[in-house]
4 protein chains.
Amino acid sequence: MQNSEHRQDKPLVLAGKTYQSRLIIGSGKYADFQQNLAALEASGAEMITVAIRRVNLGQNKDEPSLLDVISPEKYTFLPNTAGCYTAADAVRTCRMARELLDGHKLVKLEVLGDQKTLYPNVTETLVAAEQLVADGFDVMVYTSDDPLIAKRLEEIGCIAVMPLGAPIGSGLGIRNPYNIRMILENATVPIIVDAGVGTASDATIAMELGCEGVLMNTAIAEAGDPVLMASAMQKAVISGREAWLAGRMPRKLYASASSPIDGTFF
Amino acid sequence: MQNSEHRQDKPLVLAGKTYQSRLIIGSGKYADFQQNLAALEASGAEMITVAIRRVNLGQNKDEPSLLDVISPEKYTFLPNTAGCYTAADAVRTCRMARELLDGHKLVKLEVLGDQKTLYPNVTETLVAAEQLVADGFDVMVYTSDDPLIAKRLEEIGCIAVMPLGAPIGSGLGIRNPYNIRMILENATVPIIVDAGVGTASDATIAMELGCEGVLMNTAIAEAGDPVLMASAMQKAVISGREAWLAGRMPRKLYASASSPIDGTFF
Amino acid sequence: MQNSEHRQDKPLVLAGKTYQSRLIIGSGKYADFQQNLAALEASGAEMITVAIRRVNLGQNKDEPSLLDVISPEKYTFLPNTAGCYTAADAVRTCRMARELLDGHKLVKLEVLGDQKTLYPNVTETLVAAEQLVADGFDVMVYTSDDPLIAKRLEEIGCIAVMPLGAPIGSGLGIRNPYNIRMILENATVPIIVDAGVGTASDATIAMELGCEGVLMNTAIAEAGDPVLMASAMQKAVISGREAWLAGRMPRKLYASASSPIDGTFF
Amino acid sequence: MQNSEHRQDKPLVLAGKTYQSRLIIGSGKYADFQQNLAALEASGAEMITVAIRRVNLGQNKDEPSLLDVISPEKYTFLPNTAGCYTAADAVRTCRMARELLDGHKLVKLEVLGDQKTLYPNVTETLVAAEQLVADGFDVMVYTSDDPLIAKRLEEIGCIAVMPLGAPIGSGLGIRNPYNIRMILENATVPIIVDAGVGTASDATIAMELGCEGVLMNTAIAEAGDPVLMASAMQKAVISGREAWLAGRMPRKLYASASSPIDGTFF
């Protein structure tokens, strides 16, 4: 009497490497590197993104480096271009990261529009993405939830497209699941929601829509107990993935209703 | 720079027994007892609710009993009064369950209004609850999300109050989190959302509101892959609980907004 | 190429009188009677509800009476039992109103549960409704959005059933349109949303669901400009009614999608 | 005891002309020109947008022209570039319109991404907007709800920016009020929601957010009764405007709650 069909799983592969975890966490706003490590361990994430302009990975030899606390042998480091507001700045920052990290090609590109809203600047992002792909980088790219821009970033050769759920640091959740749905309908690379998650159910919803993963920073780092929230997020992402694979029951006004709710009521 | 406070955990205790799992699953709509057992195991639930009028626990000696497949030593059985539309019927059914199960006092009371919508009949529920409590039962009670009715059921002596998220079998999720919130503000017994969960994020949201647990049947039994959905639900409930304990970040229009969103925008 | 069907209009008839306006406004929280009158005129309402325990309709001969400002010749006065927390109190208050208003039989019954939440006490409401109907009153009755209680109030003989959209004074809008929908499916008397409206679109949504009218007080009286908000509400109610009669277009993910959205996505 | 402040009204001025109506309707999908005229009259709109590639305004001398039925003396015609998928096509179409309409400079620019979703192509839109503004057109521009793109279109010199509520023909309403809010915070030209409205309350909500106007086509043309829906939309837009001007009451969990709801609950 099942009404739904379940789906086949496929692993998350990024730049040739397979990940068991579909959660990527950040390295900003933590009390210190130790808390960041504790959250990382609690989250089960295998990848951590780092703002190359803000976090010391050896740029400054006189201060402690995150690499001393979080091992690049154990975790994939994803350098990002946070703080860049032009394509040129973002490209320069990625090259700096590559040099610093001995030829590391994987980067997360983000080009923001202004310091107030931190909304992505999609036209500069397109320019930067083209240059970085041409320059041999494996580009995971942060963008708005515009389905056409998402598709163009894929066509340019980005290896993952990362639409926002809501603005960075807003905690508003997936504000427009319809756009995420449209992005997913057309995608052939992994779609990973980046930004906007505020609590566990937001991450679950992203995965239930069919996304391949979720990246978050503030939701963990600014929770009352970041390490416990990291643990919640690990389960939230797996839970949403399993629910999507399992295939949910239909929605009805009540059980005996003859047809699923078709959106024409409200 | 954390903006939120985390909360202290306290265990879920029902009728003197402490439960690690905050998920209760059902025994209807499964393909067979084996599938039910597999879902139960995947869900991590320690309690299973059984419609005493529909599921064979020994009433019919010529047919297989659920007790042969799911061990009452290992799991707490929660007999329920599904199919009862009057207080009298519900009380009679609970007494039958007690006899059948050698004095078992724990029951889930549900008195429904009609077969079409399966919405709870709160006035009959109040009558039945009084009689059952007076008769020595430990009553967990299914009800609407009316905060006054919920409080009265607690005052009558029910050991847990179980408001709906949405009608039984609808899969609509928590339709009115505001009412659940009002119920929680006044409760001194465990509040467990019962009915309405359709997918994993619904369960997570119930727990993020501060509920003590979630009961569900159709969301698992009518998923495309019930056992996988049961696994999703286990994580969804724990995830929501951990997020509630951890304390979520505030919501803002964007990160630099000076105040959290105050509901006056929209 | 129209996809929808329009509906036939039928007039709003209450206690044998036909109303052109489907909006009912209140008489609490205004700066003074003059502002109340101005709002009433701007709203186009033909009926005004008055808390018989709070507003002077002649009970106190030494103070100004609302009847001196708002003419009972021109407007239907709907005495209500605001401030009553038991059936007995509500019944007594209605009888007092009838005496005061020379045999006026039309009343709005409300029995609330507590002063904090102002949520309706449905069991006391049922008791009072039975007594008032037996006593010859034309009872319009405020209640929760519980579809069974709504139906019972109709069966008792109430001439209109008035479910809340959200708690009195909350301004939260129609929190659970699904329940309102269930109430409408079974109703043979007018269903009028009472309480919860916070802004114009809330009233429009109530009417688009198929309700026969809307009653509101705080949304107008506590707006920045009550008279202008009253004008907005007049149009909001008519607009929602016309949209419901006209029959809305279907919802789709995008125009070329082959089927309407069926609620299984999100 | 008012909690809110009302706002000062200011007229809607587009290309030097003041409009009383804040509703703009379309000319597609109607049964015939007569129905379109009837809807226009019922809507109270003073401006009608016309797809210059699809609707005969004299391009084809052998067929009836819309101008024979809807008077350009009485209504402002807003030629649009529906059906254009590149900047070059859109610019060419606007020039054709100007020629056809004797130097008419007012146009609505839309450059879409694909025929399936009709989502706007924002990069081509930027290119076309620059060329059209340089060429002396008064450009009202359809775009996504990306706040940075909206601001750039304003900076280019467009006289009104028209973000979508949802994709053309979807009827999904304002899917992301947060982005519309962000657009409004920064705008100095009129912001007019274009596309996505499905029913009256959607238009009201757009206006309650503070938009200067609403443009719609399918919601009227594909309603069961287009002329009645046009009447509903007239009131919906005025209602929403008045509510925004009046200043709505705050939202609370219940009336006695000490603070408005701050979005941290849910």
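Since we're looking at a predicted model, the values are computed, not measured.

In terms of regular secondary structure, chain A is built from nine helices and ten strands. A compact globule built from 266 residues should have a C-alpha radius of gyration of about 18 Å, and chain A, at 19 Å, falls within 12% of that. Here chain A holds 266 residues, and 65% of them are scored as buried. Counting only contacts in chain A whose residues sit at least 6 apart along the sequence, the fraction spanning at least 24 positions is 64%. As displayed, chain A offers around 9,300 Å² of accessible surface, 48% of which is attributable to carbon and sulfur atoms. For chain A, the separation between the mean place of its 24 positive charges and that of its 31 negative charges on side chains is 4 Å.

Here the focus is the relation of the copies chain B and chain C. Both copies of the chain are placed relative to one another by a rotation about an axis and a shift along it. When chain B is fitted onto chain C, the two copies agree to an RMSD of 0.0 Å after a turn of 180 degrees and an axial shift of 0.0 Å. Here the copies are linked by what is in effect a two-fold axis. The position closest to the rotation axis in chain B is occupied by the C-alpha of Asn176 of chain B, lying 3.0 Å away. The share of interface residues of chain B whose copies in chain C are also at the interface is 100%, consistent with both copies meeting through the same surface.

For the rest of this paragraph, the subject is the UniProt feature "binding site: 1-deoxy-D-xylulose 5-phosphate" (unreviewed entry) in chain A. Cross-referencing UniProt, the feature "binding site: 1-deoxy-D-xylulose 5-phosphate" (unreviewed entry) maps to Gly169, Ala195, Gly196, Asn217 and Thr218 of chain A in the present numbering. Maximum C-alpha separation among the annotated residues is 9.3 Å over a sequence range of 50 residues, consistent with a single clustered spot. Along the chain, the position of Asn217 of chain A falls in the loop between β10 (213-216) and α8 (218-221). Excluding anything up to four places from it in sequence, Asn217 of chain A contacts Gly26, Ser27, Gly28, Lys29 and Tyr30 of chain A. Engagement of the side chain of Asn217 of chain A in a polar contact is seen with the backbone nitrogen of Gly28 of chain A, the distance being 3.3 Å. Inspection of the secondary structure assignment puts Thr218 of chain A in helix α8. Looking at Thr218 of chain A, the relative accessible area reads 7%, which means it is buried. With sequence-adjacent residues up to four places away left out, Thr218 of chain A is seen in contact with Lys29, Gly169 and Ala223 of chain A together with Met249 of chain B. A distance of 3.0 Å separates the side chain of Thr218 of chain A from the side chain of Lys29 of chain A, its partner in a polar contact.

On to the pattern of salt bridges. When charged atoms on two side chains of opposite charge get close, those side chains can pair. Applying the stated criterion across every chain yields a total of 52 salt bridges over all chains. Between Arg98 of chain C and Asp135 of chain C there is a salt bridge, with its nearest N and O atoms 3.2 Å apart. With Arg98 of chain C in helix α3 (residues 87-100) and Asp135 of chain C in the loop between α4 (122-134) and β7 (138-143), the pair connects residues that are 37 residues apart, well separated along the chain. Judged by its relative accessible area of 27%, Asp135 of chain C is partly exposed. Here Glu242 of chain D ties to Lys235 of chain C by a salt bridge, and the two come within 3.2 Å at their closest N and O atoms. Pair noted here: Glu242 of chain D is in helix α9 (residues 226-246) and Lys235 of chain C is in helix α9 (residues 226-246), and the two residues belong to different chains. Sharing partners across several salt bridges, the network here consists of Asp9, Lys10, Arg22, Glu212 and Arg241 of chain A.

Residues and elements named next belong to chain A. The interhelical angle for the contact between helix α5 (residues 147-156) and helix α6 (residues 177-186), taken along N-to-C directions, is 30 degrees, at an axis separation of 9 Å. In the crossing of α5 with α6, the sense of the turn from one axis to the other is right-handed. Of the residues in α6, those touching α5 at Pro147, Ala150, Lys151 and Glu154 are Asn179, Met182, Ile183 and Asn186. Considering only residue class, the contact of α5 with α6 consists of four nonpolar, two polar and two charged.

Definitions and cut-offs
- Residues numbered from 1 in each chain as written.
- Chains lettered and ligands numbered in written order.
- Predicted model: local features only at pLDDT ≥ 70, side-chain atom pairs only at ≥ 80, totals over all residues.
- Heavy atoms only, no water.
- Helix = DSSP H or I, 4+ residues; strand = E, 2+ residues; numbered from the N terminus.
- Rg over C-alpha atoms; globule rule 2.2 N^0.38 Å.
- Buried < 20%, exposed > 50% of the residue type's maximum accessible area, 1.4 Å probe, protein only.
- Contact = heavy atoms within 4.5 Å.
- Areas by Shrake-Rupley, 256 points an atom, 1.4 Å probe, with all protein chains shown as cover.
- Lys, Arg positive; Asp, Glu negative; His and termini not counted.
- Charge placed at Lys NZ, Arg CZ, Asp CG, Glu CD.
- Least-squares fit on C-alpha atoms with pLDDT ≥ 70 in both.
- UniProt positions renumbered as here; feature names shortened; annotations may be inferred.
- Polar contact = N/O pair within 3.5 Å; in protein donor to acceptor, adjacent residues only side chain to side chain.
- Salt bridge = Lys/Arg side-chain N within 4 Å of Asp/Glu carboxyl O.
- Axes fitted to C-alpha atoms, helices over the stretch in contact; angles between N-to-C directions.
- Left-handed = near helix turned anticlockwise from the far one by under 90°.
- Nonpolar A, V, L, I, M, F, W, Y, C, P; charged D, E, K, R; others polar.

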